[in-house]
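Letter by letter, the chains look like this.
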Amino acid sequence: MGISGRIARAFLQSQLTPLIALVALLLGTFAVIVTPKEEEPQINVTMANVFIPFPGASAKDVETLVATPAEQVLSQVQGLEHVYSVSRPGVAILTVQYKVGVGREAALVRLWDAIHANRDWVSAQLGVGEPIIKAKGIDDVPIVALTLSTADSERGAFDLERVAHAMEVELKRVSGTREVTSIGGPGRKVRVLLDADKLSAYNVSPLEIQNALQLSNVALPSGNLVSNNQQIEIQTGNWLENARDVANLVVGVSEGNPVYLSDIARIVDGPDQPGRYVWSSNGPAAKLKGLTGAGEQPAVTIAITKKPGENAVDVADALIKRVDELKGKVIPAGVDVNISRNYGETANDKAMKLIQKLVFATLSVVALVFFALGKREALIVGGAVVLTLAATLFASWAWGFTLNRVSLFALIFSIGILVDDAIVVVENIHRRRSLEPGKPLLQVIPEAVDEVGGPTILATFTVIAALLPMAFVSGLMGPYMSPIPINSSLGMVISLAIAFIVTPWLALKLTGKQHAPSHAEEEAQHGKLAKLFDRVMSPFLDDKLGRKRRHKLYLGIVVAIALSVSLAVAKLVVLKMLPFDNKSEFQVVVDMPAGTPLENTAAVLREMGAELAKVPEVTDYQAYAGTAAPINFNGLVRQYYLRQSSEMGDLQVNLVDKHHRSDKSHQIAQRVRPVLEQIAQRHGAKVKVVEVPPGPPVMSPIVAEVYGPDEAGRIAVAKKVRQQFADTADIVAIDDSVEDSAPKR
């Protein structure tokens, strides 16, 4: 007897078998409870931005003296995939992108060591500032975005910003949160508006005022003093805490009297000059989201990220619950809170939808077994599938995967394969019982398992050999899709073990007392199926005409294959990596000509927003002028978080839930693109309608990289390549990485 038969015989009456089944079920339940639910797979996409200030230098000097030497230094770091640099007046921005899978901590340590170990790559006398390193990864994508807005004409962005900062402290206390940041608002400053006539009258210069402000806004420890058996810490100086302290500052002496700053200047404590604008507006479908109000309203968005390994669903639910508790306390009446992003909710919806499909697929298989073999056999197969899925979920959690759409799709994809082992074993036990009805079941089961054990093992490892290479695909696609081959392979091994250990035991317990049907009874029970089989197959097995009919069958199969392939050639079926996802959001990215004032950028965004507000499926949108909207996974790879300039703007468009609309998000994005492009052309802007991709994000679907020894040559070739793209049908939103310089005088 082979190994499969010996395993079945060893566990057939063992008391460990039900314990193994119970442990598998409990481990699966544990995995469902503790495994984090997320929108996307948890993969290491580590990148970092290195900001090197060089005050007063031109972009050319920054490139020559800072960016190029810095690229050579950073290229020494192990595990790098790309190093990019952008040289701007006064600053060099270097982007370091690591290979997928490099851990965040290891990457940052290597980068920090490379920069500071080679700090002498630039002369200390040049005035180049200290490099600032800002790392970015998958956990820097906010899972929740809260947009504060108000219809109160007496409140503005400054008031909303103060509310947002107060909320930051409270939301940071929610377990699992990582970063809580506010986007929008002018910022608070104490401005000193000097009066030239009074400066002359009191004989005080602006430089003296600057020195007085700097010297007065200092607090330093000055030692300790022991008095009355107590040690007292002595501090010299004090911080300026408010506008009153600034106004009462002595900046000089005139005719023997002190000159206060309030004597020669007006002190204003309030909002700074706007460096960005953020506003929100509702669309036609706002009521379906519970939003009220019409027209544009000033807004501030709070973006919250989660810690690695935390359950996005739990963190998002806790944040929303905390926001509800803050209403009427930290959030005053008249300030509306719109949940403009909730990736916890979308992750939970996708997980539950896929789990429903998983249950449906399992029940479908059990139903087929029920009609083919009987209810007891169907119960055995159903139990084997449940145990296999439970153990596979635990193995997936132990491997480090989360519950996301890719890992759950892997289980749905493999459900038909996972059930094969149990069905083969159960069917052969059923067949052997009908052939030998008088033989004890304790003898029949091991022999039946052994009879199909070899082919079952071979088939299992053949499927694993076909799936597993997918786990070694390079780039983002490999780790992103790795749950499919790994979960499927784990499930196949576990299903094989369940088929040889638990399935025979279930067959003994559930069919041991059942009357074993004879071969004649079996034929009578399945007579209709046998007659159908004979009617379909007999013409092909006929001695006279069978050969001719088989040739016709072969020809028909070849023609059917050719017709199916021709669908792609005729473009009746579009070939692509992944199908479009039906998201509830998309983004509009606007780039105005270099040097465009912030107000002009905001005006273009308002014009585009007015068109978006007419789209029936839009619930609301947020506009960001001079700053970036909260990034998603796509924006992380494309570095949208660096979009901080007066000529840049974003529109974050939120759609009604897919169950309340007939068009998919891709169709809606295609519908609005022509109108937005017309507006952009009138103002000389570039516009891109950016959708959240269904798979791993890329810089763009088509990217051409131009390399050459000099900048002028690279730009010339890039323009030719860009023109070639423009002349190609169906290519839209063509852009390049060349940054135009703002006008100078």
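Whatever comes next refers back to the structure up there.
Conventions and cut-offs
Residues numbered from 1 in each chain as written. Predicted model: local features only at pLDDT ≥ 70, side-chain atom pairs only at ≥ 80, totals over all residues. Heavy atoms only, no water. Patch = residues over 30% accessible without salt bridge, like charges linked within 9 Å, V, L, I, M, F, W, Y side chains within 5 Å. Areas by Shrake-Rupley, 256 points an atom, 1.4 Å probe, with all protein chains shown as cover. Salt bridge = Lys/Arg side-chain N within 4 Å of Asp/Glu carboxyl O. Lys, Arg positive; Asp, Glu negative; His and termini not counted. Charge placed at Lys NZ, Arg CZ, Asp CG, Glu CD. Helix = DSSP H or I, 4+ residues; strand = E, 2+ residues; numbered from the N terminus. Buried < 20%, exposed > 50% of the residue type's maximum accessible area, 1.4 Å probe, protein only. Contact = heavy atoms within 4.5 Å. Pairing = 2+ DSSP bridges. Axes fitted to C-alpha atoms, helices over the stretch in contact; angles between N-to-C directions. Parallel < 35°, antiparallel > 145°, perpendicular 65-115°, else oblique. Left-handed = near helix turned anticlockwise from the far one by under 90°. 1 Å grid on protein atoms, 1.4 Å probe; cavity = no way out; pocket = protein on both sides within 12 Å on 5 of 7 lines; lining within 4 Å. Points joined across faces, edges and corners; volume = space filled by probe spheres on them. Nonpolar A, V, L, I, M, F, W, Y, C, P; charged D, E, K, R; others polar. Core = buried A, V, L, I, M, F, W, Y, C linked by side-chain atoms within 4.5 Å. Expected span 1.5 Å × (residues − 1). Bend = angle between axes of the 7 residues up to and from the residue.

Participant: What should I look at first to understand a negative patch on the surface in this one?
Facilitator: Residues Asp314, Asp317, Glu345, Asp349 and Asp657 make up a contiguous surface patch of negative charge. Put simply, the parts of the chain that give the negative patch at least two residues each are helix H10 (312-326) and helix H11 (343-372). Judged by its relative accessible area of 40%, Asp349 is partly exposed.

Participant: Is there a simple way to think about unusual backbone geometry in this case?
Facilitator: Excluding glycine, most residues fall at negative phi; most peptide bonds, likewise, are trans. For Asp730, which is not glycine, the phi dihedral falls at a positive 70°. Note on placement: Asp730 falls in the segment after helix H23 (711-726). The class of Asp730 is exposed, set by a relative accessible area of 81%. Not every positive phi belongs to a glycine, and Ala733 is a case in point at roughly 55°.

Participant: Help me understand the side chain of Thr362 in this model?
Facilitator: Along the chain, Thr362 falls in helix H11. Residue Thr362 is classed as buried on the basis of its relative accessible area, which comes to 10%. For Thr362, the residues in contact, after removing those within four places along its chain, are Val385, Leu389 and Ile415.

Participant: Before we go on, may I ask you to explain the sheet that holds strand S4 (residues 132-136) in this structure?
Facilitator: The strands making up a sheet associate through backbone hydrogen bonding, with each pair oriented either parallel or antiparallel. The four strands lie next to each other as S2-S3-S1-S4, forming an open sheet whose pairing is antiparallel. Each edge of the sheet is formed by a strand with only one pairing partner; in this case those strands are strand S2 (80-88) and S4. For this sheet, the mean angle separating the axes of adjacent strands, direction not counted, is 15°. Pairing of S2 with strand S3 (residues 91-98), which is carried by eight bridges, proceeds in the antiparallel orientation. Considered in S3, the bridge of Ser85 is made with Leu94. In this fold helix H3 (residues 59-74) packs onto strand S1 (47-53), S2 and S3, with an angle of close to 165° to the strand it touches most, S2. On the sheet, helix H4 (residues 104-117) packs against S1, S3 and S4 and is oriented at approximately 160° with respect to S4.

Participant: Got a minute to help me understand the environment of Leu578 in this structure?
Facilitator: The residue Leu578 is located in the loop between helix H19 (546-569) and strand S16 (585-591) in this model. Excluding residues that lie within four positions of it along the chain, Leu578 makes contacts with Met481, Pro694, Gly695 and Pro696.

Participant: Help me understand the packing of helix H13 (residues 405-435) against helix H14 (residues 441-467), please; the structure alone is not making it clear to me.
Facilitator: When two helices pack together, their arrangement is given by the angle between the helix axes and the distance between those axes. Between H13 and H14, the least distance of the axes is 8 Å, while the angle of their chain directions is 155°. On the basis of the axis angle, H13 is roughly antiparallel to H14. Note that H13 runs across H14; the crossing there is right-handed. Here H13 contributes Phe413, Ile417, Asp421, Val424, Val425, Asn428, Ile429, Arg431, Arg432 and Arg433 to the contact with H14, which in turn contributes Leu441, Val444, Ile445, Glu447, Ala448, Val449, Glu451, Val452, Thr456, Thr460, Val463 and Leu467.

Participant: Got a minute to help me understand empty space enclosed by the protein in this structure?
Facilitator: Taken as a whole, this structure holds four cavities of 30 Å³ or more when the rule is applied. Estimated volume of the largest cavity: approximately 60 Å³. In terms of lining, the largest cavity is formed by Ala31, Thr35, Leu393, Ser396, Trp397, Phe401, Thr402, Leu403, Ser407, Leu408, Leu411 and Asn487. Among the elements of the structure, helix H12 (375-399) and H13 are those that each provide at least two residues to the lining of the largest cavity. The residue makeup of the lining of the largest cavity, split by class, is seven nonpolar, five polar and no charged.

Participant: I'm lost on the nonpolar core in this one. Help?
Facilitator: One recurring pattern in soluble globular proteins: nonpolar side chains tend to sit buried together. By size, the foremost hydrophobic cluster in this structure holds 53 residues, and its most contacted members are Val381, Leu389, Ile429, Ile445, Val449 and Val502. Secondary structure elements with two or more residues in this core: helix H1 (3-12), helix H2 (16-34), H11, H12, H13, H14 and helix H16 (483-511). The dominant element in this core, judged by the number of residues it contributes, is H16, at twelve residues. In contact with Ile445, other than residues within four places in its own chain, are Leu12, Ile429, Pro504, Ala507 and Leu508.

Participant: Sorry if this is basic, but what is going on with helix H22 (residues 665-682) here?
Facilitator: Residues lying three or four places apart along an α-helix face the same way, a consequence of the helix completing one turn every 3.6 residues. Relative to the 26 Å expected for 18 residues at 1.5 Å per residue, H22 spans 26 Å between its end C-alpha atoms, a close match to the ideal helical length. Maximum bend of H22: about 35°, positioned at Arg673, with proline Pro674 one to four residues after it. Within the span of H22, buried status applies to Ser665, His666, Ile668, Ala669, Val672, Arg673, Leu676, Ile679 and Ala680. The inward-facing, buried residues of H22 contact S16, helix H20 (598-612), strand S18 (648-655) and strand S19 (686-691). Phi turns positive one or two residues past the end of H22, at Gly684, with a value near 70°.

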